[in-house]
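Structural overview for review
Residue-level listing of the chains:
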Amino acid sequence: MNEASQSQSSLFSPTSKYHHNQNGLAKRRRWLIVDFDGTCTEHDTTPLLPRLAAFATRSRSSISKASDGTDTNNNEDYDHQEDLKKRLDQFQLLEDEFMKRYNEARSQMFNSESDESSKSLYDVLDALDEPSNVVTEMVSASKCLSGLGHADTNEVEGMLNLQGVTRETTLENANISENNSDDKVTVKLRHGCESTLSRILLDDKASIRQDGCEEDDYKCYGWRLAVLSINWSPKLIDACLVQPVLRRRRSLLHIESCDTEVPIWSNEVDREGVVTLHVPGALA
């Protein structure tokens, strides 16, 4: 394999210390690759994306550009509640369409007239993936996720009522409802997820003492961590999981910064709401 083809096939960007041209991968060969929705989170976060897209659009609608290039505050043409309702209604219809197509695909595949013995695992996965591929194109065409691609990790974090994490700012969220609101979207990490993954990332010889416990109570594994997900928003994964885990790691090590990389291999939605399937369900 030549250098060009190696670069194209690498899971890491050329600037990553884990790219094959760097020496970081040789130092640590143990990887824990985790799923996101329903594994690290208690529930699938995909239905939250149109709400986040509406929040991101509202944030940008507060300052619009006039024809002469000056900033104009409070764009009166934008109605957040109307936009949010439209997005949620569209997304619900698309979810219903997906379930209809998925159930039809299952019925056709396993009906009594089909020859199951002739179907390989790849045939089954491809057939079950087709409803997702078709509906994903419909999602892109509907623009119900437009604006989401504008939001960076910090902005997405500001839209979240994230539960299941240990933060110094926990009290800020103490009175926030567990349900989604006009200002926040609730995401719950599974119990112990943040703590477990942060310990996975710790160096083998890291020394940790907390709350008077013995160091042996906090085993350090020194693994590398990555996320493989069919979710459409890597920024949501970063905000909900990766950044809290890294903050917890820094807290355990009593440091203020680190260069730890946690790759996120997922699908992606752009600023126009078009979804690109880097990781189709069958591949994942």
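For the structure, see preceding data.
I will try to describe carefully the structure that is included in this document. (Residues numbered from 1 in each chain as written. Predicted model: local features only at pLDDT ≥ 70, side-chain atom pairs only at ≥ 80, totals over all residues. Heavy atoms only, no water.)

Moving on to the sheet that holds strand β6 (residues 224-228). Each strand in a sheet pairs with its neighbour through backbone hydrogen bonds, running either in the same direction (parallel) or in the opposite one (antiparallel). Strands sit in the order β1-β6-β7 across an open sheet of three strands; the sheet is parallel. A strand with exactly one partner marks an edge of an open sheet, and here the two such strands are β1 (31-34) and β7 (264-265). With two bridges connecting them, β6 and β7 associate as parallel partners. The residue of β7 that forms the bridge with Leu 228 is Trp 265. (Pairing = 2+ DSSP bridges. Helix = DSSP H or I, 4+ residues; strand = E, 2+ residues; numbered from the N terminus.)

Attention now goes to the environment of Leu 246. If you trace the backbone, Leu 246 turns up in helix α8 (residues 234-253). The exposure class assigned to Leu 246 is buried, which follows from its relative accessible area of 7%. A sequence separation of 15 residues divides Leu 246 from Glu 261, and the C-alpha atoms of the two residues are 9.2 Å apart. Look past the residues within four positions of Leu 246 in its chain and what remains in contact with it is Leu 201, Thr 260 and Val 262. (Buried < 20%, exposed > 50% of the residue type's maximum accessible area, 1.4 Å probe, protein only. Contact = heavy atoms within 4.5 Å.)

Take α8 next. Its 20 residues give α8 an end-to-end C-alpha distance of 26 Å, which sits within 8% of 28 Å, the value for a rise of 1.5 Å per residue. The largest bend in α8 comes to about 35 degrees, at Val 242, with the proline Pro 244 one to four residues further on. With 15 of its 20 residues buried, α8 lies for the most part within the structure. (Expected span 1.5 Å × (residues − 1). Bend = angle between axes of the 7 residues up to and from the residue.)

A few words on the nonpolar core. Membership of the largest hydrophobic core comes to 42 residues, with the highest contact counts inside it found for Leu 52, Val 139, Leu 145, Leu 160, Leu 197, Val 227 and Leu 241. Listed by contribution, the elements that provide at least two residues to this core are α3 (49-61), α4 (80-109), α5 (121-142), β4 (160-163), β5 (185-188), α7 (193-201), β6 and α8. The dominant element in this core, judged by the number of residues it contributes, is α8, at eight residues. Excluding anything up to four places from it in sequence, Val 139 contacts Leu 94, Cys 144, Leu 145, Trp 232, Gly 273 and Val 275. (Core = buried A, V, L, I, M, F, W, Y, C linked by side-chain atoms within 4.5 Å.)

Turning next to a negative patch on the surface. On the surface, a cluster of negative charge is made up of Asp 123, Asp 126, Glu 130 and Glu 137. Within the secondary structure, Glu 137 sits in helix α5. Take Glu 137: its relative accessible area is 61%, and that puts it in the exposed class. (Patch = residues over 30% accessible without salt bridge, like charges linked within 9 Å, V, L, I, M, F, W, Y side chains within 5 Å. Areas by Shrake-Rupley, 256 points an atom, 1.4 Å probe, with all protein chains shown as cover. Salt bridge = Lys/Arg side-chain N within 4 Å of Asp/Glu carboxyl O. Lys, Arg positive; Asp, Glu negative; His and termini not counted. Charge placed at Lys NZ, Arg CZ, Asp CG, Glu CD.)

On to the side chain of Ser 229. Tracing the backbone shows Ser 229 in the loop between β6 and α8. Within the structure, the side chain of Ser 229 is placed 2.9 Å from the backbone nitrogen of Asn 231, a separation counted as a polar contact. Ser 229 has contacts with Asp 35, Phe 36, Asp 37, Ile 237, Trp 265, Ser 266, Asn 267 and Val 279, leaving out every residue within four places of it along the chain. (Polar contact = N/O pair within 3.5 Å; in protein donor to acceptor, adjacent residues only side chain to side chain.)

This paragraph deals with the packing of α3 against α4. As a packed pair, α3 and α4 sit with axes 9 Å apart at the nearest point and diverge in direction by 155 degrees. One element, α3, and the other, α4, form an angle in the roughly antiparallel class. Here α3 runs over α4; the crossing is right-handed. From α3, Pro 50, Arg 51, Ala 53, Ala 54, Phe 55, Thr 57 and Arg 58 reach across to α4, where they touch His 80, Asp 83, Leu 84, Arg 87, Leu 88 and Phe 91. A class-by-class count of the residues in the contact of α3 with α4 yields seven nonpolar, two polar and four charged. (Axes fitted to C-alpha atoms, helices over the stretch in contact; angles between N-to-C directions. Parallel < 35°, antiparallel > 145°, perpendicular 65-115°, else oblique. Left-handed = near helix turned anticlockwise from the far one by under 90°. Nonpolar A, V, L, I, M, F, W, Y, C, P; charged D, E, K, R; others polar.)

Here the structure, examined in full by the defined rule, presents two aromatic pairs. Between Phe 91 and Trp 232, the aromatic rings sit 6.4 Å apart at their centres with planes inclined by 80 degrees, giving edge-to-face as the arrangement. Of this pair, Phe 91 sits in helix α4 while Trp 232 sits in the loop between β6 and α8; the two residues are 141 residues apart in sequence, bridging distant segments of the chain. Residue classification places Phe 91 among the buried positions, given a relative accessible area of 5%. (Phe/Tyr/Trp six-rings, centres within 6.5 Å; stacked < 30°, edge-to-face > 60°.)

Bringing the pattern of salt bridges into the picture now. When the charged atoms of two side chains lie near each other, side chains of opposite charge can form a pair. Using the criterion set out here, one finds five salt bridges in the structure. With its nearest N and O atoms 2.9 Å apart, the salt bridge here joins Asp 83 to Arg 87. With Asp 83 and Arg 87 both in helix α4 and four residues apart, the pair spans about one turn of that helix. Its salt-bridge partner being Arg 101, residue Glu 97 comes within 2.7 Å of it at the nearest N-O pair. Here the residue Glu 97 and the residue Arg 101 both occupy positions in helix α4, the gap between them amounting to four residues, near one helical turn.

Look at α5: 32 Å from first C-alpha to last across 22 residues, which is about the 32 Å you get at 1.5 Å a residue. The sharpest bend along α5 reaches about 30 degrees and sits at Asp 129, with the proline Pro 131 one to four residues further on. Lys 143 sits one or two positions beyond α5 and adopts a positive phi of about 65 degrees.

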